[in-house]
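Report on the structure
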Amino acid sequence: MALLLEHEFKPLPADKQIETLPFLEAVAHLPPFFDCLGSPIVYSPVKADLTGNIKKIRAVYDSNPAEFKTLQNILEVEKEMHGSAWPKTGATLALMWLKRGLKFMLVLLQSISDGERDEEHPNLIRVNAMKAYEIALKKYHGWMLQKLFMGSVYALPYKSDLLKALEKGREVKEEESIEKIHQFLSRVTPILDAIYEMYTKMNAELSYKA
C-alpha cells in the first residue's frame, strides 16, 4: 500500500501526547488519498481542505517549535492566547477539521478491510463511503454539501481500482492490499482517537455546519 505506508506515524505514547512535527510530517503524505476516489468536484475540495489545515498547523508550530511541541500544547496555548474566540480560531480550528477528514478516510478504509459491502455489487465502495460520511462529516455539512456528497457516491471507483490506485498502479492481490490497510489503520487509529479524546476533554469540539 505504497500511498498509505509511505511515511510511518510514530506510535502513540502512553501519555497520549502527540508530537506535532512527526504527526504533521506523516499526515502530509495522506491528502493524495482523495485523488484515488475520483469525483474531483467533491473530493478535490476535501483534499485542499486537508492540505490547507496541515499548512495552518505547521505555520503555528514553526512560529515556536518549543512552545508547540505537542498537539495538546497547541490547544492549551491557543486557548490562553485567543480567549473567547477559541476554539474557533488558529491551529485549534485547523486540527478540528483535519481530524474529521482523517476520520472519513479511516472509517472508509476500515469498512473496506472489514469486508462490508453491497452483496449485489460487491466491487462498489458506495456502502463504505456512505458509512464514513455519516460518521465523520455529515453532521458538520449543510444541506448543499450533503446533497453534493450523496450524488458523488455514484461516481466512486470500483474497490479493485481504488486498491490499485493506493498501490500507485501496481497489480497486487486484494488480500495483500487489505493486510496493508490493516497495518496503516493499526498505526493511525489510536492517534486519531487520542486527538478526538483531547478535543472532548478540553471542550474544543464545535458543531457548526460548513
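Here the structure is a predicted model, which is why all the values come from computation and not from measurement.

Moving on, we come to the nonpolar core. Side chains of a nonpolar character, in soluble globular proteins, are inclined to be buried together. Core analysis: the largest hydrophobic core is formed by 68 residues, its most contacted members being Leu4, Phe23, Phe33, Leu37, Leu95, Phe104 and Phe184. Elements supplying a minimum of two residues to this core: helix H1 (20-27), helix H2 (40-63), helix H3 (71-82), helix H4 (90-113), helix H5 (126-136), helix H7 (159-166) and helix H8 (174-201). Top element by residues in this core is H4. It accounts for 15 residues. Filtering out sequence-adjacent residues up to four positions away, Leu37 remains in contact with Tyr43, Phe104, Leu108, Ile125, Ala155, Leu156, Pro157 and Leu162.

Turning to the pattern of salt bridges, a few remarks are in order. In total, this model carries 17 salt bridges according to the counting rule given. In this structure, the salt-bridge partner of Glu6 is Lys168, at a minimum N-O distance of 2.8 Å. Of the two residues, Glu6 is situated in the segment before H1 and Lys168 in the loop between H7 and H8; the sequence distance between them amounts to 162 residues. On the accessibility criterion, Glu6 (43% relative accessible area) is partly exposed. Two residues, Asp35 and Lys47, come together in a salt bridge whose shortest N-O distance is 2.8 Å.

Per the UniProt record, "domain: Glycolipid transfer protein" (unreviewed entry) is annotated on residues 18-167. Between the end C-alpha atoms of residues 18-167 there is a gap of 28 Å, over a span that is 65% helix and 0% strand.

Turning to the environment of Ser44, a few remarks are in order. Positionally, Ser44 belongs in helix H2. Counting along the chain gives 104 residues from Ser44 to Leu148, while the straight-line C-alpha distance between them is 13 Å.

Here we come to the packing of H3 against H4. Axis separation between H3 and H4 bottoms out at 8 Å; the angle between their running directions is 135°. When the axes of H3 and H4 are compared, the pair comes out oblique. Where H3 approaches H4, its residues Leu71, Ile74, Leu75 and Glu78 are matched on the opposing element by Gly90, Ala91, Thr92 and Leu95. Looking at the contact of H3 with H4 residue by residue, the classes come out as 5 nonpolar, 2 polar and 1 charged.

Across the protein, the average pLDDT comes to 94, with 100% of residues at 70 or higher. Across the protein, element-level confidence peaks in H3 with a mean pLDDT of 98 and bottoms out in helix H6 (residues 143-152) with 90.

In this model, the largest pocket occupies a volume close to 420 Å³. Together, 22 residues line the largest pocket, and Pro45, Val46, Asp49, Trp97 and His141 are the ones closest to its centre. If you list the elements that add at least two residues to the lining of the largest pocket, you get H2, H4 and H6. The greatest single-element share of the lining of the largest pocket, amounting to 9 residues, is contributed by H2. A class-by-class count of the residues in the lining of the largest pocket yields 16 nonpolar, 4 polar and 2 charged.

The rules we used
Residues numbered from 1 in each chain as written. Predicted model: local features only at pLDDT ≥ 70, side-chain atom pairs only at ≥ 80, totals over all residues. Heavy atoms only, no water. Core = buried A, V, L, I, M, F, W, Y, C linked by side-chain atoms within 4.5 Å. Buried < 20%, exposed > 50% of the residue type's maximum accessible area, 1.4 Å probe, protein only. Helix = DSSP H or I, 4+ residues; strand = E, 2+ residues; numbered from the N terminus. Contact = heavy atoms within 4.5 Å. Salt bridge = Lys/Arg side-chain N within 4 Å of Asp/Glu carboxyl O. UniProt positions renumbered as here; feature names shortened; annotations may be inferred. Axes fitted to C-alpha atoms, helices over the stretch in contact; angles between N-to-C directions. Parallel < 35°, antiparallel > 145°, perpendicular 65-115°, else oblique. Nonpolar A, V, L, I, M, F, W, Y, C, P; charged D, E, K, R; others polar. pLDDT = per-residue confidence, 0-100. 1 Å grid on protein atoms, 1.4 Å probe; cavity = no way out; pocket = protein on both sides within 12 Å on 5 of 7 lines; lining within 4 Å. Points joined across faces, edges and corners; volume = space filled by probe spheres on them.

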